[in-house]
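The residues making up each chain are set out below.
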Amino acid sequence: MSDLIRRDPRAEWIARNRLHPLHAAMTAPAGEVRGPSGLLRKNPHGVGFIGPNGIKRIDRLGGSAAAAGGRRGAAKSAQVVELPLHQVSAPDFYVVTVLDLVGGRLGAHDKDVLGQAHKLVREIEGQGAVLAVAFGECKEEGFGLAGVDRLLLLEGSEYEGYSPEQRLAALVEVERSFAPRYWLFPDSINGGNELGCRLAARLGERPATQAWQVDTQQTLCRGAGGRSDFTRTTPRLLLLAEECAEPIDETRHEALAVDLDAVALSLVRIKDRGQVAVDPNAIPLAEAEFILAAGNGISNWEQFHQAAELLGATEGASRVVVDDGFMPRPRQVGASGTWVTARVYLAVGISGAIQHMQGIGQCDKVVAINLDAGCDMVKRADLSVIGDSQSVLQHLIELAREYRLGAAENAA
């Protein structure tokens, strides 16, 4: 029957029309078909089943979704897939990664460095482990999913703030205790570059900077401000650029805690006097870590500027807002404006045009405030607030004032 149908001159039209009476027979699988590359070809029209309302449903549960009676039954029969556990019981060697851990959490750059560490481990004979070193307060709970086999957390007042001398003393002790095969640092302004250079000078190593393609033999580094590349023999200490490797996402790791012998207090010649308050709008948009961006949904501009000031956020805007003259052109975010890499991007009243979404692609966390629960910005956001932007901003202003008042009372 199916062979006769497939010879029907209307076969292609029937295959595209899922409501046609012969559609099921037309799209029934006719055995395995492999392409020139040897890959198995699947008929996209033969995937899924027709629901009771005539809409085609894709069956991701191997036929059980249709029998379960729709989406509710499919949800009940779904099982949580757990990533395989990668264990290293007795490491033959270590690859040490020193993480920035900005804000106490793993950033995208840290995860890239961990991915590169595992690439090196796979190329070295023997059973190796990735040892991650982190300083100061830690809020991260996903070290295992990021690829950490062993974790060394160095907490305490001596490691808080800007403390390169004490951190260097701890890394020298790590060198003595673990004798790592490689040292990996993020080549960043968050401390990785400076700490890596200090350790290289102490160990007498010649580090590779802005390394972005690394194996055990050769390393490709960026030079001349990113305009050219050069190749050198892979050293023992590397300062890695962003996107140097794919993050770990197919396995989970033990992240077993390890200890370090007592680290002697270093002679402190540098005193941290805290951060200097600056005007957030004096920070270039491309370098801002916290951006409050306005879209067409903003009507009270005085309130918006007040919220940005109290939150300590750099102001951004969509193209519509800039074209209407509410914000200057340098504040435009998007492919036709400025590409931003903020740790937190708070979009207020922005629906999410494709150019704007391209411009915020490298932001770590996106928060959306919008009336439209189905807009693209809400779909992209890590956290969404569905409501009127003016009332939500007013609540944020009140909370920021309460927080500042409490901080001032505690300081007094």
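Definitions and cut-offs
Residues numbered from 1 in each chain as written. Predicted model: local features only at pLDDT ≥ 70, side-chain atom pairs only at ≥ 80, totals over all residues. Heavy atoms only, no water. Helix = DSSP H or I, 4+ residues; strand = E, 2+ residues; numbered from the N terminus. Buried < 20%, exposed > 50% of the residue type's maximum accessible area, 1.4 Å probe, protein only. Areas by Shrake-Rupley, 256 points an atom, 1.4 Å probe, with all protein chains shown as cover. Pairing = 2+ DSSP bridges. Axes fitted to C-alpha atoms, helices over the stretch in contact; angles between N-to-C directions. Contact = heavy atoms within 4.5 Å. Salt bridge = Lys/Arg side-chain N within 4 Å of Asp/Glu carboxyl O. Polar contact = N/O pair within 3.5 Å; in protein donor to acceptor, adjacent residues only side chain to side chain. Phe/Tyr/Trp six-rings, centres within 6.5 Å; stacked < 30°, edge-to-face > 60°. Lys NZ or Arg CZ within 6 Å of the ring centre and 35° of its normal.

A. How the structure looks around the overall build of the protein chain. Per the secondary structure count, the protein chain includes 14 helices and 20 strands. Buried positions account for 40% of the 412 residues belonging to the protein chain. When the accessible surface of the protein chain is split by element, carbon and sulfur atoms take 51% of a total near 23,700 Å².

B. Representation of the sheet that holds strand S19 (residues 365–370) in the model. Across the sheet, 5 strands lie side by side as S17-S16-S18-S19-S20; this open sheet has parallel pairing. Edge positions in the sheet fall to strand S17 (314–317) and strand S20 (383–386), since each of these pairs with one other strand and no more. On average, adjacent strands in this sheet sit at an angle of 20° to one another, irrespective of strand direction. Packing against the sheet, helix H10 (residues 301–311) makes contact with strand S16 (290–294), S17 and strand S18 (344–348), and its axis sits at approximately 175° to S16.

C. Expanded view of the pattern of salt bridges. Evaluation of the coordinates by the stated rule reveals 12 salt bridges. With its nearest N and O atoms 2.3 Å apart, the salt bridge here joins Arg176 to Glu173. Of this pair, Arg176 and Glu173 are both found in helix H8 (residues 164–178), 3 residues apart, which corresponds to roughly one turn of the helix. Classification of Arg176 by relative accessible area gives exposed; the value is 53%. Residue Glu173 is classed as buried on the basis of its relative accessible area, which comes to 14%. In this structure, Asp382 engages Arg380 in a salt bridge whose closest nitrogen and oxygen atoms are separated by 3.9 Å. Through salt bridges with shared partners, a single network forms among Glu173, Arg176 and Asp261.

D. View of the sheet that holds strand S6 (residues 93–98). Spatially, S12-S11-S10-S13-S9-S6-S7-S8-S15 is the arrangement adopted by the 9 strands of the open sheet, whose pairing is mixed. Each having just a single partner strand, strand S12 (228–233) and strand S15 (256–257) make up the two edges of the open sheet. Sheet analysis places strand S10 (residues 208–214) next to strand S11 (residues 218–223), joined by 3 bridges and oriented antiparallel. The residue of S11 that forms the bridge with Ala211 is Cys221. Along the sheet, H8 makes contact with S6, strand S7 (128–135), strand S8 (150–154) and strand S9 (182–186), crossing S7 at roughly 160°.

E. Fine view of the side chain of Asp100. Along the chain, Asp100 turns up in the loop between S6 and helix H6 (108–123). Polar contacts involving the side chain of Asp100 include one to the side chain of Ser188, which spans 2.5 Å. Within the structure, the side chain of Asp100 is placed 3.2 Å from the backbone nitrogen of Gly192, a separation counted as a polar contact. Leave out the neighbours within four places in its chain, and Asp100 touches Asp110, Pro186, Ser188, Asn190, Gly191 and Gly192.

F. Here's a closer look at the environment of Leu256. Its place among the elements puts Leu256 in strand S15. Through-space distance from the C-alpha of Leu256 to that of Val148 is 8.2 Å; in sequence the pair is 108 residues apart. Look past the residues within four positions of Leu256 in its chain and what remains in contact with it is Asp149, Arg150 and Leu151.

G. Looking closely at the packing of aromatic side chains. Scanning all chains against the criterion turns up 5 aromatic pairs. Centroid distance Trp301 to Phe304: 5.6 Å. Interplanar angle 75°. Geometry classified as edge-to-face. Here Phe304 and Trp301 lie together in helix H10, a separation of 3 residues that amounts to about one turn. Phe304 shares its class with Trp301; the two are buried. Members of the aromatic cluster, connected to one another through ring pairs, are Trp301, Phe304 and Phe326. Taking NZ or CZ as reference, Arg181 lies 4.7 Å from the ring centre of Phe93, over its face. Sitting above the plane of the Trp212 ring, Arg222 keeps its charged end 5.1 Å from the centroid.

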